[in-house]
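Results of the structural survey
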Amino acid sequence: MLEQFDLLCRRVKQTGRLMIGVPDYDTYVLHRQTTHPGDPIMTYEEFFRERQQSRYGFGDGKISRCC
């Protein structure tokens, strides 16, 4: 029962972050570990900065977001 509650809490937290545009670092780490084993994994700070730059189009002058 406690495990189900923990899973629900993690999903609510993940959903809330995605709703405000903050991607999930834990999902990124799991993806890198399973799909690209041995490759470097960005720190949370690097990951957050890269996602923000991607979302707001830093560098090429384009805004790559919906609104």
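Predicted model only: the values in this text are computed from it and were never measured.

Let's shift gears to the overall build of the chain. Scanning the chain from terminus to terminus reveals three helices and zero strands. Each helix and strand of the chain, ordered N terminal to C terminal, gives the series α-α-α. By the burial criterion, 12% of the 67 residues in the chain qualify as buried. Partitioning the contacts of the chain with sequence separation of at least 6, the portion at a separation of at least 24 is 16%.

With that out of the way, let us pick up helix 2 (residues 25-35). Note: α-helices contain 3.6 residues per turn, so residues at a spacing of three or four share the same orientation. Taken as a whole, helix 2 has its buried residues at Y25, Y28 and V29. The arc that holds every buried residue of helix 2, seen down its axis, measures 100°, which confines them to one face. Turned more than 90 degrees from where helix 2 packs its buried face, D26, L30 and T34 sit exposed. In this fold, the buried residues of helix 2 make contact with helix 3 (44-56).

Here the focus is the environment of R17. Note on placement: R17 falls in helix 1 (residues 2-19). Discounting chain neighbours no more than four positions away, the residues touching R17 are V22 and D24.

So, about the packing of aromatic side chains. Throughout the structure, instances matching the rule amount to five aromatic pairs. Arranged with centres 4.8 Å apart and planes meeting at 25°, the rings of Y28 and F47 form a pair that is stacked. Placement of the pair is Y28 in helix 2 and F47 in helix 3, with a sequence separation of 19 residues. Residue F47 is classed as buried on the basis of its relative accessible area, which comes to 5%.

Below, the discussion takes up the pattern of salt bridges. Pairs can form between side chains of opposite charge once their charged atoms are near each other. According to the stated counting rule, one finds two salt bridges in the structure shown. For R32, the salt bridge identified is with D39, shortest N-O distance 3.9 Å. For D39, a relative accessible area of 38% corresponds to the partly exposed category. The closest approach of N and O atoms between R51 and E50, which form a salt bridge, is 2.8 Å. According to the relative accessible area criterion, R51 is partly exposed, its value standing at 30%. Its relative accessible area of 30% is what places E50 among the partly exposed residues.

Calculation rules
- Residues numbered from 1 in each chain as written.
- Predicted model: local features only at pLDDT ≥ 70, side-chain atom pairs only at ≥ 80, totals over all residues.
- Heavy atoms only, no water.
- Helix = DSSP H or I, 4+ residues; strand = E, 2+ residues; numbered from the N terminus.
- Buried < 20%, exposed > 50% of the residue type's maximum accessible area, 1.4 Å probe, protein only.
- Contact = heavy atoms within 4.5 Å.
- Arc of directions from axis to C-beta.
- Phe/Tyr/Trp six-rings, centres within 6.5 Å; stacked < 30°, edge-to-face > 60°.
- Salt bridge = Lys/Arg side-chain N within 4 Å of Asp/Glu carboxyl O.

Purely spatial values, then, with no claim about function.
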